Amino acid sequence: MSKKASSEEMEEIREGFQKVDVDSNGFISGSELGTLFQEVGCPLPGYRLRELMQKLDLNADGKINLDEFTAIYQDLMDDKLAQSFKKALNKKEGIVAIGGTSEISSEGTQHSISEQERYAFANYINSSLEKDPDCQHVLPINPSTEALFKAVADGIILCKLINLSVPDTIDERTINKKKLTPFTTQENLNLALNSASAIGCQVVNIGAQDLKEGKPHLVLGLLWQIIKIGLFADIELSRNEAIAALLEEGESLEDLMKLSPEELLLRWANFHLKKVGMSINNFSGDIKDSKAYFQLLEQIAPDGSKEDVPRIELDMTGIYEKDLSKRAECMLKQADRLSCRQFVTATDVVSGNSKLNMAFVATLFNKWPALTKPENQDWVLESESREERTFRNWMNSLGVSPNVHHIYGDLQDAMVILQLYEKVKVPVDWENRVNHPPFRVAGGGHLKKIENCNYAVELGKTKAGFSLVGIGGQDLYDGNSTLTLALVWQLMRRYTLNVLEYLGDGEVAGDPLIISWVNKTLTEAGKTSSIKSFKDKSISTSLPVLEVIDAIQPDSVNFELVKTGDLTDEDKLDNAKYAVSMARKIGAKVYALPEDLVEVNQKMVMTIFACLMGRGMKRA
């Protein structure tokens, strides 16, 4: 342990901490911890960060408070690093202090935003939506001003970006576009926030009013989540089988599928850099001199061997430029030749902005992966099912750590499941019953993971009252899809029903109560629909859902857009898309997908009506 920090050093530590604690809730997450050390000139490799989280984050909630960070600082920083820390804080390059308050901080607070992110996101929106007629009232956004924060205030840009990242998430017919009022603007923002949550964004601490006021730190945080989901959508083995070319000796496809998009991007870059005898460990310090980027661009540039893709010649002479900023600019000009000059400026490269550089590399991957699927392979990859995607997005929207990208591999140690228990108000004994990562093979890591899984099943049976007959901890560890999803579904169901916890005059908030409320609400509003159960075939038309929505918020549904009579599957899907978006628009946090209504997926139909009931009773 180094000497105790002086009061002056403590103030500096506090300032650095607040830079990353953008929502001022007194905590920073594990991922933010890496950003914080980068900020103070002390970048740490991933394994070191994980070790620190294990050491300090005793309850595995993925958060570190100021006292914990101070302990890290004192434990790690020698004099040289402390000087770098002080220098970084004094310089505050690219950081702008914003005064203001947020919903979770009643007192005036100082937030910090990145000018580089504001600049990058504004330019991304300009290029992505420049031809959209519904966005012309705010485009182009001047990236050098605060215009970005005003541009999102009516919700239209956010809705469009969500559909850009995950097509068809929002039914365009539900977006209010003309003659906006405070009420219709609020509807757009509700629609955007609930849809963002449905695709896996964490929006727990963001309200419509925050976006209407254009609170910079919250706007940037939400924009990054939406953009990142779109950038990473195809960096997944089941969506791009050529990624199998990145398999290393002794690895199975299952091993590759467990890698996060960030890890796959790094492996992809090194796959190409290996051809010229280079490698990188991160998208921050290791790319600052632009040399790796120059070599990567040359490796992925089309060479004319494909008939439909002409050769693109790159000018590599810029790699010899001595000035790092000028060298980065030369490199970006070559990226422009590949139509990939996106997200980063020369300054972002030289300063090693990891977030924006990762976005830049993702853009390169999506445009020019330069991978060939291995031949003579007899494997068949199954794409993520709709149910799996819904559950994964639900878990991520709750802010579980780590983020879930491969549902079975990421639940194997039960850490995410145990966090979900706490989300549904089932207490977890983190100190005495949970084994914390990292799980080293030499230290019996697999046995510790199984112990966690056993505890997760035990909690479900004894504390949560779940039906887990025939499910054991080994099943979760092995990634048994049917049994794992059975547990996750019951967690999601409990989470959904918790919104109805205090309703019903003492009745248990279950299926009969919800069905009774649906039919009573429809009758009192003079609607013609009714349902006997969540398997009622009439639900496939989405009319019962739309009429409940209209009963909750009269005249909100445009029934001229609703198809009736003898409906085709296409007609039903059209109605379902409208119904799901309308539910989100009036404030119901719906995770189900339109196909769930068309197919009358009993479980997901229940969640839709439960969320509408919560909204109708003003509890959602």
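For clarity, every value in this text was computed on a predicted model and none was experimentally measured. (Residues numbered from 1 in each chain as written. Predicted model: local features only at pLDDT ≥ 70, side-chain atom pairs only at ≥ 80, totals over all residues. Heavy atoms only, no water.)

**Q** Mind showing me how you'd approach the overall build of the chain here?
**A** Counting its regular elements, the chain contains 28 helices and four strands. Taking all 620 residues of the chain together, 53% fall into the buried category. For the chain, contacts bridging at least 24 residues in sequence account for 60% of all contacts bridging at least 6. Carbon and sulfur atoms provide 48% of the accessible area of the chain, an area that totals close to 28,800 Å². (Helix = DSSP H or I, 4+ residues; strand = E, 2+ residues; numbered from the N terminus. Buried < 20%, exposed > 50% of the residue type's maximum accessible area, 1.4 Å probe, protein only. Contact = heavy atoms within 4.5 Å. Areas by Shrake-Rupley, 256 points an atom, 1.4 Å probe, with all protein chains shown as cover.)

**Q** Just checking my understanding: could you explain the packing of helix α13 (residues 261-273) against helix α14 (residues 291-300) for this structure?
**A** What describes two packed helices is the angle between their axes and the distance between those same axes. Contact geometry of α13 with α14 gives a least axis separation of 9 Å together with a crossing angle of 80°. Judged by the inter-axis angle, α13 sits roughly perpendicular to α14. Contact residues: α13 offers Trp268, Ala269, His272 and Leu273, while α14 offers Ala292, Gln295, Leu296, Gln299 and Ile300. The residue inventory of the contact of α13 with α14, partitioned by class, reads six nonpolar, three polar and no charged. (Axes fitted to C-alpha atoms, helices over the stretch in contact; angles between N-to-C directions. Parallel < 35°, antiparallel > 145°, perpendicular 65-115°, else oblique. Nonpolar A, V, L, I, M, F, W, Y, C, P; charged D, E, K, R; others polar.)

**Q** When you look at empty space enclosed by the protein in this model, what are you seeing that I'm missing?
**A** Empty space among the atoms can be located by rolling a probe the size of a water molecule over them. Going through the model one piece at a time under the given rule, you end up with one cavity of 30 Å³ or more. Estimates place the volume of the largest cavity at around 30 Å³. What lines the largest cavity is Ala269, Leu273, Ile280, Phe283, Ala292, Tyr293, Leu296 and Val361. For the lining of the largest cavity, the secondary-structure elements that each account for two or more residues are α13 and α14. Take the lining of the largest cavity: its biggest share by element is three residues, from α14. Its residues assigned to classes, the lining of the largest cavity comprises eight nonpolar, no polar and no charged. (1 Å grid on protein atoms, 1.4 Å probe; cavity = no way out; pocket = protein on both sides within 12 Å on 5 of 7 lines; lining within 4 Å. Points joined across faces, edges and corners; volume = space filled by probe spheres on them.)

**Q** Is there a simple way to think about the environment of Cys340 in this case?
**A** Tracing the sequence through the fold places Cys340 in the loop between α15 (324-337) and α16 (346-351). C-alpha of Cys340 to C-alpha of Thr363: the two residues are 23 residues apart in sequence and 6.3 Å apart in space. Setting aside residues no more than four positions away along its own chain, Cys340 makes contact with Ala335, Phe360, Thr363, Leu364, Lys367 and Trp368.

**Q** Teacher, can you tell me more about the nonpolar core here?
**A** The nonpolar side chains of soluble globular proteins are, as a tendency, buried together. Phe121, Ile125, Leu158, Leu222, Leu265 and Trp268 are the most contacted members of the largest nonpolar core, which has 91 residues in total. In this view, Trp268 contacts Leu246, Leu296, Ile300, Val361, Leu364, Phe365, Trp368, Pro369 and Leu371; residues no more than four positions away in its chain are not counted. Counting 82 residues, the second-largest nonpolar core is a separate cluster that includes Met395, Leu459, Trp489 and Ile552. (Core = buried A, V, L, I, M, F, W, Y, C linked by side-chain atoms within 4.5 Å.)

**Q** So what exactly am I meant to see when it comes to the pattern of salt bridges here?
**A** Side chains that differ in charge, positive against negative, can pair when their charged atoms come close. According to the stated counting rule, one finds 29 salt bridges in the structure shown. A salt bridge links Glu172 to Lys160; the nearest nitrogen and oxygen atoms lie 2.9 Å apart. Taken together, the residues span a long stretch of sequence, with Glu172 in the loop between α8 (156-165) and α9 (182-198) and Lys160 in helix α8 at a distance of twelve residues. Residue class for Glu172 comes out partly exposed when judged on its relative accessible area of 31%. Salt-bridge contacts for Glu384 lead to Arg392; the nearest nitrogen and oxygen are separated by 2.6 Å. Residue classification places Glu384 among the partly exposed positions, given a relative accessible area of 22%. Beyond isolated ion pairs, a larger network of salt bridges with shared partners links Asp132, Asp134, Lys160, Glu172 and Lys177. (Salt bridge = Lys/Arg side-chain N within 4 Å of Asp/Glu carboxyl O.)

**Q** Just checking my understanding: could you explain unusual backbone geometry for this structure?
**A** The general pattern is negative phi for most residues beyond glycine and trans for most peptide bonds. The amide bond that connects Leu139 to the next residue, Pro140, takes the cis arrangement and shows omega of -5°. Position of Pro140 among the secondary structure elements: in the loop between α6 (115-129) and α7 (147-151). With an omega of 5°, the peptide bond running from Pro437 to Pro438 counts as cis. On the secondary structure map, Pro438 appears in the loop between α20 (430-433) and α21 (445-462). One non-glycine residue, Ser290, lies in positive phi territory at about 70°. Here Ser290 is to be found in the loop between α13 and α14. Unlike most non-glycine residues, Ser339 shows phi in positive territory, near 60°. Inspection of the secondary structure assignment puts Ser339 in the loop between α15 and α16. Overall, Ser339 belongs to the exposed group, its relative accessible area being 53%.

**Q** Would you take a moment to explain α14 for this structure?
**A** One full turn of an α-helix is made of 3.6 residues, so residues set three or four places apart face in the same direction. Of all the ten residues making up α14, seven are buried; the element is thus mostly covered by neighbouring parts of the structure. For α14, the complete set of buried residues consists of Ala292, Tyr293, Phe294, Gln295, Leu296, Leu297 and Ile300. Contacts from the buried residues of α14 go to α13, α15, α16 and α17 (354-367).

**Q** Explain the packing of aromatic side chains here, please?
**A** The description of an aromatic ring pair uses the distance of the two centres, along with the angle that the planes make with each other. Inspection of every chain in the model, using the stated rule, returns seven aromatic pairs. On the basis of an interplanar angle of 10° and a centroid distance of 6.2 Å, the ring pair of Phe121 and Trp224 is categorised as stacked. Remark: Trp224 occurs in helix α11 (residues 216-232) and Phe121 occurs in helix α6; sequence separation between them is 103 residues. The two residues Phe121 and Trp224 agree in class, both being buried. With a centroid separation of 6.2 Å and an interplanar angle of 20°, the aromatic rings of Tyr421 and Phe466 are classed as stacked. Here the residue Tyr421 occupies a position in helix α19 (residues 415-423), and Phe466 occupies one in the loop between α21 and α22 (473-478), the gap between them amounting to 45 residues. Of the two residues, Tyr421 and Phe466, neither departs from the other in class, the shared state being buried. (Phe/Tyr/Trp six-rings, centres within 6.5 Å; stacked < 30°, edge-to-face > 60°.)

**Q** Mind showing me how you'd approach α17 here?
**A** The end-to-end C-alpha distance of α17 is 20 Å, a good match for the 20 Å that 14 residues give at a rise of 1.5 Å each. In terms of burial, α17 is largely enclosed, as ten of its 14 residues are buried. Burial in α17 covers these residues: Leu356, Asn357, Met358, Ala359, Phe360, Val361, Ala362, Thr363, Leu364 and Phe365. As for α17, its buried residues are in contact with α6, α11, α13, α14, α15 and α16. The N-cap residue of α17 is Asn353: its side-chain oxygen and the backbone nitrogen of Lys355 are 3.3 Å apart. (Expected span 1.5 Å × (residues − 1). Polar contact = N/O pair within 3.5 Å; in protein donor to acceptor, adjacent residues only side chain to side chain.)

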